[in-house]
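# Residue-level structure breakdown
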Amino acid sequence: MFTRLANAIIRFSTGPVALAALIAFLAFGALVLPGQSQAAAAYSGDAGSPDTSFIYTPADLQRMAETYGAEGRAAYVRARWQFDILFPVVYTAFLLTALGWAAARAFRPASRGRLVVLLPLAGALFDLLENLCAALYMALYPPAVGLLAFLAPVFTILKWLSLYAAFGLLAGMLIAVLWGSLKPRKAKTAKGGSS
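These numbers were taken from a predicted model, which means no experiment stands behind them.

Time to look at the overall build of the chain. A count of helices and strands for the chain gives 7 helices and 0 strands. Helices and strands appear in the chain in the N-to-C order α-α-α-α-α-α-α. Relative to the globule expectation of 16 Å for 195 residues, the C-alpha radius of gyration of the chain, 21 Å, shows a markedly less compact shape. Based on the C-alpha atoms only, the size of the chain along its principal axes is roughly 80 × 35 × 25 Å. For the chain, with 195 residues in total, the buried portion stands at 39%. Relative to all contacts within the chain whose residues are 6 or more apart in sequence, the contacts with residues 24 or more apart total 80%. Here the chain displays about 10700 Å² of accessible surface, and carbon together with sulfur accounts for 72% of that area.

On to the pattern of salt bridges. When the charged atoms of two side chains with opposite charge come close together, those side chains can pair. This model, assessed by the stated rule, comprises 4 salt bridges. Between R63 and D60 there is a salt bridge; the shortest N-O distance is 3.6 Å. Here the residue R63 and the residue D60 both occupy positions in helix 4 (residues 58–81), the gap between them amounting to 3 residues, near one helical turn. The exposure class of R63 is partly exposed, given its relative accessible area of 37%. A residue is classified by how much of its surface remains accessible, and D60, at 24% relative accessible area, is partly exposed. The partner of R80 in a salt bridge is D84, and the shortest N-O contact between them spans 2.9 Å. In this pair, the class of R80 matches that of D84, namely buried.

Aromatic ring pairs are defined here through the distance separating the ring centres and the angle between the ring planes. Tallying each qualifying case throughout the model produces 14 aromatic pairs. Taking 5.8 Å as the distance between ring centres and 40 degrees as the angle between the ring planes, the aromatic pair formed by Y137 and Y141 counts as tilted. Its relative accessible area of 14% is what places Y141 among the buried residues. Geometrically, the ring pair formed by W160 and Y164 is stacked, given 5.7 Å between the ring centres and 25 degrees between the ring planes. Residue W160 and its partner Y164 are located together in helix 7 (residues 146–194), separated by 4 residues, close to a single helical turn. By way of ring pairs, the aromatic residues F28, F83, F87 and Y91 are connected into one cluster. The ring of Y76 has R80 sitting right over it, with the charged end atom 4.2 Å from the ring centre.

About the thresholds
- Residues numbered from 1 in each chain as written.
- Predicted model: local features only at pLDDT ≥ 70, side-chain atom pairs only at ≥ 80, totals over all residues.
- Heavy atoms only, no water.
- Helix = DSSP H or I, 4+ residues; strand = E, 2+ residues; numbered from the N terminus.
- Rg over C-alpha atoms; globule rule 2.2 N^0.38 Å.
- Buried < 20%, exposed > 50% of the residue type's maximum accessible area, 1.4 Å probe, protein only.
- Contact = heavy atoms within 4.5 Å.
- Areas by Shrake-Rupley, 256 points an atom, 1.4 Å probe, with all protein chains shown as cover.
- Salt bridge = Lys/Arg side-chain N within 4 Å of Asp/Glu carboxyl O.
- Phe/Tyr/Trp six-rings, centres within 6.5 Å; stacked < 30°, edge-to-face > 60°.
- Lys NZ or Arg CZ within 6 Å of the ring centre and 35° of its normal.

Below is the structure:
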């Protein structure tokens, strides 16, 4: 099942599709993220935010909820079900198509290495689970819900680890593809120069 899904993503990830996803990702980052960051800073102050933190504890989450106040918690919940539904779709589409395009060139058709294209799906899933737990925690606060306060930080770190790994793999695969495309030219140049 995973192999079929990975191969379908790779088939779909043509150059124009990957380029369109890149443009959407960059446009979202330039046009939407700054406004969202300003809005989040207005209610979070110096307390931080679960979705932009790498590591935090249940106690940190409780401190954030207290600092936000009722209006800030409501704004946080709204943002999770508006902005933070769309952003994972945008970055996942970019990572899937970019990794798919690179995997088609970096791996043979039967290679299990092609499964790396599925990594962004894990990041998106953990992102949505983090948003669900953190938004429910903020919506129900007080009283603090212990299980949500425990799960939100776990999903956050899993999200970041998955996404860092996906971006790292993408960079490595693009370098490998570029290196592979240059090697035949170098060989031809060396042959042409020696004759």
